[in-house]
Amino acid sequence: MSEPRWFQRSCPICEASCSLKILADREQREVLRIEGNADDPISRGHLCPKAYALKWVYEDPDRLRGPIRRVGRGADARWEAIEWSEAFDYAAERIQAVQAEHGPQALGAYIGNPSGFEVGASVFGGVFSAALKTTRFFSAATMDHFPKLVTSRILYGRANILPIPDIDRCDYFLCLGGNPMVSQGSLMSAPDMRGRLRALRERGGKLVVVDPRRTETADVSDEHLFIKPGADALWLFALVHVLFAEGLVAPGRFLDFTDGIDEVAQAAEEFSPEAVAAATGIAPDVTRRIAREFSAAERACCYGRIGTCTVEFGMLTSWLIDVLGILTGHFDTPGGMMFPRPPLGQVEPGAGGRPFQVGRWKSVAKGHPEINGQLPCAAIAEEIDAGGDERMRAFVTIAGNPVLSTPNGPRLDRALASLDFMLSIDLYLNETTRHADLILPTLTQLEVESFDALTSTTSVRNFARLGERVFDPEPGLLSHAQVVLEIAARLQGTTAEALEQQVLYQEATRAVKRHPETSTEQAVASVGDEPGPLRVVDLMLRGGPYGRGFADTGEGLDLAHLQEAGCAVDLGPLEPRFPELLRGEGQRIPLAHPYLMGDLPRLRAGLAQRSEPDQLVLVGRRQARNMNSWLHNFEGLARGRNRCTLLVHPDDATRLELRDGGQARITSRVGEVVAEVEVTDTILSGVVSLPHGFGHDGAGTKTGVATTRQPGANANALTDDELFDTPTGTSVANGFPVQVSAV
Ligand SMILES: Nc1nc2c(c(=O)[nH]1)N[C@H]1C(S)=C(S)[C@@H](COP(=O)(O)OP(=O)(O)OC[C@H]3O[C@@H](n4cnc5c(=O)[nH]c(N)nc54)[C@H](O)[C@@H]3O)O[C@H]1N2
Ligand SMILES: Nc1nc2c(c(=O)[nH]1)N[C@H]1C(S)=C(S)[C@@H](COP(=O)(O)OP(=O)(O)OC[C@H]3O[C@@H](n4cnc5c(=O)[nH]c(N)nc54)[C@H](O)[C@@H]3O)O[C@H]1N2
Ligand code: SF4
Ligand SMILES: [Mo]
């Protein structure tokens, strides 16, 4: 008789990264219960309905349980199971063949969202990317937070120095284009948003939500301002304008290391509350009042998420959010926007870095410049379709479903079918991976340990957490780490062990900088010889800001310490980190950096255009039981009414002769979909809202529940692959023009 027991690990589904308690029978390989871990000092027992997806993914009969290779194409395609070693050889041979004939750049790669929650991907992503020998990288980031990465790179010297709201200590929370009540917080890892927002209001604080939809977060706010999509940069400029006009600018100690405040004042001059009122839909007196309230608040956060990033002026919006914080002294101070100090040391003061630069290489089809090492994900299809010898001929996807998550999905769907070779590392045969020649599934999260490498960089409180493996690895499957190392080894003509050693030595070299008494060899020896990502984590922990170092007597964090803790180790509230965090001696914050100011003419043109009569525009929407495209295959999340509905304001419904529950055809420059209409006054007139991640057409996929229960329409069949926040290459998924008609 096997005894069920409780295990603890982090939920890998969203950025809240709740600590879960999982009651499981190891021998029967069965999960009996999943609960929030009340003992965890960071997540304090929180969980949401998606947590059970850990069990459902594990049990899903549709999930792939070994490598499969496609034979034939199109309607004749069939899949055959193959052995791992044969699969690795096949992947490497095909990639090498394409690169030998057409050069290394003939290969491209796309990295999807779940890889951020997989410790093996975090630790070995670098060696895998290097082994691909190309610079043609794409990721979901250019449909996500890329403007923030670019802004941080420009202002603070590094893309991962990201301002995070100190939500638990602020008393004024200005939330633009985010719906944390549903998303559970993004670039704000903070489980239990409902509780935290309630606490904010209970201590007398104010929550103001700025969104074209009266969202679930707006419902629990003190004030909701409807804003026209894409107009946040204009509105934020008006707030900044008021600060200067009314003498409310008080940057405090930031004056000592910030340049360009006068230029910002000059730039803001033309964007008065009156000048932007028509374009934003927000009355000038409201704008003035919010500016005064925000600056007068003792502790205030201005926070922006998806609706401020995947928009026409994403970079300027992200920049102005930081500008507002800096100018009002609500930055890098308790209760304002702050900077986490993660235990692996990813965000430590560094030696001088290279200056901000874009365009070290360019896309072939349209000449999109590389930014922060990436090309826009909207350009994948055109890179494949491009004529000439420089086109992309082979492609790797890692935990991504770009056919449903990136612009002009149907075009990408067609383009992928014309590749010479495609490899997908993924759990499912879905809309994207159906085009692969080879799919390599990995172990599920229940079969590997968790370490919150990414979310500790975006957390509202510093922490370190190691989670247990619930089940032993399923025979026939390998971990993400093993898979990427084996492929990389073949591509580099070496062994997986040698690559692991390479990563260990690299990290050890970094780790001993803080511990000059230790040699690199000693550091490597200290973490034992069990293969896998955790000994690298151990090295980084020991050498990190809270680390115990490498001497026998050291005190502080290491892996054993976290194992013993059995839940998160609370590393305290966020603390001020500037100016130390600025990279390099004497570096200052270039608040009016030419790359930022260079985008002002585009904003001016946008202001002129947006003051004209309205055109119907589309925005996205997240829902509690979805996670992008990949949680639709479980009855527990898929049941219920159709969720892929188009929200339409009653006035628009009347004008367009749409009725609640009827079908509407939505057309954009690139495509057309049909969706059920939901008439509601929660959406601003002139705006319609459709969630993304749907469009499970079933053709050649193996996600039976998704296809039958929540197929939906692919919102990214509408998203335009030529509409960008130009300076960051981020796609405009919110606020692009559509036509809607009754079917
Ligand atoms: N219109 C519109 N489009 C959007 C957005 C929007 O707001 N509007 N949001 C964008 C954002 S923010 C994001 S992050 C992207 C997401 O874009 P993607 O990351 O491309 O899409 P996901 O739907 O998250 O796809 C996840 C894939 O990973 C696989 N997977 C899940 N778990 C694992 C695992 O443990 N290992 C492996 N190997 N594979 C796994 C799933 O099977 C699935 O194929 O979508 C973007 N697209
Ligand atoms: N349940 C669930 N949770 C998730 C996800 C999920 O798919 N489902 N996805 C996860 C991922 S990958 C991410 S990146 C995060 C995203 O986290 P959030 O950004 O908090 O989530 P969204 O629901 O996309 O919120 C975007 C909001 O912006 C609004 N908006 C659209 N255009 C504009 C505009 O121009 N201006 C303003 N001010 N608002 C605008 C939309 O109406 C919407 O309410 O959520 C994560 N959490
Ligand atoms: S809020 Fe996010 S991390 Fe927490 S249980 Fe739900 S999906 Fe998992
Ligand atoms: Mo995302």
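Scoring rules and cut-offs
Residues numbered from 1 in each chain as written. Chains lettered and ligands numbered in written order. Predicted model: local features only at pLDDT ≥ 70, side-chain atom pairs only at ≥ 80, totals over all residues. Heavy atoms only, no water. Near = heavy atom within 4 Å. Nonpolar A, V, L, I, M, F, W, Y, C, P; charged D, E, K, R; others polar. Core = buried A, V, L, I, M, F, W, Y, C linked by side-chain atoms within 4.5 Å. Buried < 20%, exposed > 50% of the residue type's maximum accessible area, 1.4 Å probe, protein only. Helix = DSSP H or I, 4+ residues; strand = E, 2+ residues; numbered from the N terminus. Contact = heavy atoms within 4.5 Å. Domains from an automatic or database assignment. Buried area = accessible area lost by both parts, 1.4 Å probe. Polar contact = N/O pair within 3.5 Å; in protein donor to acceptor, adjacent residues only side chain to side chain. Arc of directions from axis to C-beta. Pairing = 2+ DSSP bridges. Axes fitted to C-alpha atoms, helices over the stretch in contact; angles between N-to-C directions. Salt bridge = Lys/Arg side-chain N within 4 Å of Asp/Glu carboxyl O. Areas by Shrake-Rupley, 256 points an atom, 1.4 Å probe, with all protein chains shown as cover. Phe/Tyr/Trp six-rings, centres within 6.5 Å; stacked < 30°, edge-to-face > 60°. Lys NZ or Arg CZ within 6 Å of the ring centre and 35° of its normal.

Peer 1: How should I be thinking about the site of ligand 3 in this particular structure?
Peer 2: Neighbouring ligand 3 are Cys-11, Ile-13, Cys-14, Ala-16, Ser-17, Cys-18, Leu-47, Cys-48, Lys-50, Ala-51 and Gln-184. For the shell around ligand 3, a count of residues per class yields eight nonpolar, two polar and one charged.

Peer 1: What am I meant to see in the nonpolar core here?
Peer 2: One recurring pattern in soluble globular proteins is that nonpolar side chains are buried together. In this structure, Tyr-156, Phe-173, Leu-174, Trp-235, Trp-319, Phe-578 and Leu-591 are the most contacted members of the largest nonpolar core, which totals 90 residues. The dominant element in this core, judged by the number of residues it contributes, is helix H8 (residues 232-245), at ten residues. Apart from the residues within four sequence positions on either side, Leu-174 is in contact with Val-208, Val-210, Trp-235, Leu-239, Ile-290, Phe-294, Cys-301, Cys-302, Tyr-303 and Leu-324. The next biggest cluster of nonpolar side chains, apart from the first, holds 67 residues, and it includes Ala-496, Val-536, Leu-559 and Val-569.

Peer 1: Explain the domain arrangement of the chain to me, please; I cannot follow it from the model alone.
Peer 2: Where interface size is quoted, it is often the accessible area lost as the parts come together. With domains assigned, the chain is organised as domain 1 (157-339 + 578-600) and domain 2 (615-742). Domain 1 and domain 2 are separated by 28 Å when their C-alpha centres are compared. Between domain 1 and domain 2, the contact holds 20 residues from the first and 22 residues from the second. Contact between domain 1 and domain 2 buries roughly 1600 Å² in total, counting both sides, with carbon and sulfur atoms accounting for 62%.

Peer 1: Before we go on, may I ask you to explain the environment of Arg-65 in this structure?
Peer 2: Structurally, Arg-65 is set in the loop between helix H1 (53-59) and strand S4 (68-71). C-alpha separation for the pair Arg-65 and Ala-81, spaced 16 residues apart in sequence, amounts to 9.4 Å. In contact with Arg-65, not counting residues within four places along its chain, are Tyr-58, Glu-59, Asp-60, Pro-441, Glu-474, Gly-476 and Leu-477. At 2.9 Å, the side chain of Arg-65 forms a polar contact with the backbone oxygen of Asp-60. Here the side chain of Arg-65 touches Glu-474 through a polar contact of 3.3 Å, side chain to side chain.

Peer 1: Mind showing me how you'd approach helix H9 (residues 261-268) here?
Peer 2: Owing to its 3.6 residues per turn, the α-helix aligns residues three or four sequence positions apart on the same side. Ile-261, Val-264, Ala-265, Ala-267 and Ala-268 are the residues of H9 that are buried. Looking straight down H9, one finds that the buried residues subtend no more than 165° of arc, so they occupy a single side. Looking at H9, the residues exposed on the side facing more than 90 degrees away from the buried face are Asp-262 and Gln-266. Elements that come into contact with the buried residues of H9 comprise H8, strand S12 (258-259), helix H13 (314-327), helix H22 (594-597) and helix H23 (600-610).

Peer 1: Sorry, what's going on with the sheet that holds strand S10 (residues 206-210) here?
Peer 2: Strand pairing within a sheet occurs via backbone hydrogen bonds; the two strands may be parallel or antiparallel. Taking strand neighbours across the sheet as the criterion, the four strands line up as S11-S10-S9-S13 in an open arrangement whose pairing is parallel. Edge strands, defined here as strands with exactly one partner in the open sheet, are strand S11 (223-225) and strand S13 (300-304). The sheet shows a mean angle of 15° between the axes of neighbouring strands, direction not considered.

Peer 1: Before we go on, may I ask you to explain the pairing of strand S28 (residues 672-679) in this structure?
Peer 2: Working note: regular strand, side chains alternate between the two faces of the sheet. Of the strand pairs in this sheet, strand S26 (residues 645-648) and S28 are connected by four bridges, and their pairing is parallel. Within S28, the position partnered with Leu-647 by the bridge is Glu-678. In this structure, strand S27 (residues 663-667) lies alongside S28, joined through five bridges in antiparallel fashion. Counted as the bridge partner of Ile-666 is Val-673 from S28.

Peer 1: When you look at unusual backbone geometry in this model, what are you seeing that I'm missing?
Peer 2: Both trends apply: most residues other than glycine have a negative phi, and most peptide bonds are in trans. The omega torsion of the bond from Phe-578 to Pro-579 falls at 5°, within 30 degrees of zero and hence cis. Summarising the element assignment, Pro-579 is placed in the loop between strand S23 (569-573) and strand S24 (589-590). A positive phi is found at Asn-408, a non-glycine position, where the angle reads about 50°. Checked against the element boundaries, Asn-408 lands in the loop between helix H15 (402-405) and helix H16 (409-416).

Peer 1: Teacher, can you tell me more about the pattern of salt bridges here?
Peer 2: Between side chains of opposite charge, a pair can form as their charged atoms come close. Applying the stated criterion across every chain yields a total of 58 salt bridges. Between Arg-411 and Asp-385 there is a salt bridge whose closest N-O contact spans 3.1 Å. Here Asp-385 lies in helix H14 (residues 380-385) and Arg-411 lies in helix H16, a separation of 26 residues in the sequence. Here Glu-635 and Arg-709 are joined by a salt bridge, their closest N and O atoms 2.4 Å apart. Of this pair, Glu-635 sits in helix H24 (residues 635-638) while Arg-709 sits in helix H26 (residues 704-709), and the two are 74 residues apart along the sequence. Through salt bridges with shared partners, a single ionic network connects Lys-366, Glu-382, Asp-385, Arg-411, Arg-669, Asp-720, Asp-721 and Glu-722.

Peer 1: Explain the side chain of Ser-272 to me, please; I cannot follow it from the model alone.
Peer 2: Inspection of the secondary structure puts Ser-272 in the loop between H9 and helix H10 (273-280). Once residues within four sequence positions are removed from consideration, Ser-272 is found in contact with Ala-238 and His-241.

Peer 1: I'm lost on the site of ligand 2 in this one. Help?
Peer 2: Near ligand 2 you find 30 residues, and of these Asp-211, Gly-230, Asp-232, Arg-622 and Asn-626 are the closest. Interatomic distance of 3.1 Å between a backbone N/O atom of Ile-306 and an oxygen atom of ligand 2. The separation between a nitrogen atom of ligand 2 and a polar main-chain atom of Asn-626 is 2.6 Å. Look at ligand 2: alone it shows 920 Å² of surface, and the protein chains cover 98% of it. At the level of elements, helix H5 (180-183) and helix H12 (306-309) are the ones that each hand at least two residues to the shell around ligand 2. Summarising the domain contributions, the shell around ligand 2 has at least three residues from each of domain 1 (157-339 + 578-600) and domain 2 (615-742).

Peer 1: Help me understand the environment of His-692, please; the structure alone is not making it clear to me.
Peer 2: The topology assignment puts His-692 in the loop between strand S29 (687-689) and H26. Through-space distance from the C-alpha of His-692 to that of Ile-227 is 21 Å; in sequence the pair is 465 residues apart. Discounting chain neighbours no more than four positions away, the residues touching His-692 are Arg-621, Arg-622, Asn-628, Ala-715 and Asn-716. Looking at His-692, its side chain comes within polar contact range of the side chain of Asn-628, at 2.9 Å.

Peer 1: Could you clarify how one ought to interpret the environment of Gly-476 in this entry?
Peer 2: Secondary-structure assignment places Gly-476 in the loop between strand S22 (466-467) and helix H17 (480-492). A sequence separation of 442 residues divides Gly-476 from Ile-34, and the C-alpha atoms of the two residues are 26 Å apart. If we ignore the near neighbours within four places in the chain, the residues touching Gly-476 are Arg-65, Gly-66 and Trp-84.

Peer 1: When you look at the sheet that holds S27 in this model, what are you seeing that I'm missing?
Peer 2: As summarised here, the arrangement of the seven strands in space is S32-S25-S29-S26-S28-S27-S33, forming an open sheet in which the pairing is mixed. In the strand order of this sheet, the two ends are held by strand S32 (736-737) and strand S33 (739-742), each with one partner.

Peer 1: Sorry, what's going on with the pairing of strand S17 (residues 394-398) here?
Peer 2: Buried residues dominate S17, accounting for five of its five residues. Judged by which residues are buried, S17 turns out to be covered on both faces: Ala-394, Val-396 and Ile-398 on one side and Phe-395 and Thr-397 on the other are all buried. By the bridge criterion, five bridges tie strand S6 (residues 107-111) to S17 in an arrangement that is parallel. Looking at S17, one finds that Tyr-110 is bridged to Thr-397. Sheet topology places S17 next to strand S18 (residues 421-425); five bridges connect them, and they run parallel. Bridging from a neighbouring strand, Thr-397 pairs with Ser-424 of S18.

Peer 1: Quick question: what am I supposed to make of the packing of aromatic side chains here?
Peer 2: A ring pair, where both rings are aromatic, is described by two values, the distance of the centres and the angle of the planes. Applying the stated rule across the entire model yields 20 aromatic pairs. Taking 5.8 Å as the distance between ring centres and 40° as the angle between the ring planes, the aromatic pair formed by Tyr-52 and Trp-56 counts as tilted. Of the residues examined, Tyr-52 reaches a relative accessible area of 26% and is grouped as partly exposed. Here the aromatic rings of Phe-138 and Phe-395 are separated by 6.5 Å at their centres, their planes lie at 70°, and the arrangement is edge-to-face. Pair noted here: Phe-138 is in strand S7 (residues 137-139) and Phe-395 is in strand S17, with a separation of 257 residues, a long-range link. Taken individually, Phe-138 and Phe-395 each receive the classification buried, so the pair is uniform in this respect. A network of ring pairs unites the aromatic residues Tyr-156, Phe-254, Phe-257, Phe-331, Phe-339 and Phe-578 as a single cluster. Across the ring face of Tyr-90, the terminal group of Arg-69 is positioned such that the distance to the ring centre comes to 4.8 Å.

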